[in-house]
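# An overview of the molecular structure
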Amino acid sequence: MTSVKPRILIVEDNPGDLFLVKEFLKRTSLPAYEILHADTLEQAIILLNTNKFKLILLDLFLMDSEGIDTFEKIYPLSANAPVIVLTGLIDDNVTAEALKKGAQDYLVKGHYDKKLLEKTIRYAIERKQNQQLLKQSEEEYKQLFENNPVPMWAYDTRSHRILMVNASAILYYGYS
């Protein structure tokens, strides 16, 4: 029985930067990954629609897309894969925006080595898994609240304003 290696997608249009990332990945103690590459946004979208990835390393400035727009087009297709932004610019605004919108981390080209790459990847994967577990737990709590046969509500302790009620409370009290 053969096991399928997890995949990493590297979206990078500079051959030199791509070579360095691949070399650093080879020299880490990370498990073996199958590496797929796209040098345009269009190619990346095709790969994301036809493959499942463990991680995405994303250059924000490509031939057919640049800046935060690149991230905004890739992120919704990333599924459960963390996205690490690779940037040649030390632009805090673009980086901060990508982090706000869901990027797990970023690396500045020319300012990282194999150790930092490995640590960044490990932490990004771990954070993404924790986010997914938290989201699942919140969904389970929501279902428990909404489907509970006992009337329940949540309110703001300062204003005493009711924030939400479950279906049983609506049925029992007659109004939402």
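Everything below is about the structure printed above this text.
Residues numbered from 1 in each chain as written. Predicted model: local features only at pLDDT ≥ 70, side-chain atom pairs only at ≥ 80, totals over all residues. Heavy atoms only, no water.

## Considerations on the pattern of salt bridges
Rules: Salt bridge, as used here, is a side-chain nitrogen of Lys or Arg placed within 4 Å of a carboxyl oxygen of Asp or Glu. Only DSSP runs of H or I reaching four residues or more are called helices, and only runs of E reaching two or more are called strands; each is numbered from the N terminus. Burial status follows relative accessibility: with a 1.4 Å probe on protein chains alone, a residue under 20% of its type maximum counts as buried, one over 50% as exposed, and anything between as partly exposed.
Taken as a whole and judged by the stated rule, the model has 10 salt bridges. Between Glu-23 and Lys-26 there is a salt bridge; the shortest N-O distance is 3.1 Å. In this pair, Glu-23 and Lys-26 both sit in helix α1 (residues 15–26), 3 residues apart, roughly one turn of the helix. On the basis of relative accessibility, which here comes to 17%, the residue Glu-23 falls in the buried class. For Asp-59, the salt bridge identified is with Lys-109, shortest N-O distance 3.0 Å. Placement of Asp-59 in strand β3 (residues 55–59) and of Lys-109 in the loop between β7 (105–108) and α5 (114–146) is noted, with a sequence separation of 50 residues between them. Here the two residues Asp-59 and Lys-109 agree in accessibility, since each one is buried.

## Focus: the packing of aromatic side chains
Convention followed: Working definition: a ring pair exists when centres of Phe, Tyr or Trp rings (six-membered ring for Trp) sit within 6.5 Å. Plane angles under 30 degrees give stacked, over 60 give edge-to-face, the rest tilted.
Applying the stated criterion across every chain yields a total of 4 aromatic pairs. A centroid spacing of 5.1 Å and a plane angle of 25 degrees characterise the contact between Phe-71 and Tyr-75, whose relative ring orientation is stacked. Among the residues examined, Phe-71 registers a relative accessible area of 1% and is labelled buried. Look at Trp-153 and Tyr-173: their rings are 6.0 Å apart centre to centre, the planes differ by 75 degrees, and that puts the pair in the edge-to-face class. Of this pair, Trp-153 sits in strand β8 (residues 153–155) while Tyr-173 sits in helix α6 (residues 167–173), and the two are 20 residues apart along the sequence. The exposure class of Trp-153 is partly exposed, given its relative accessible area of 42%. You can call Tyr-173 partly exposed: its relative accessible area is 43%.

Worth remembering: the numbers are spatial, not functional.
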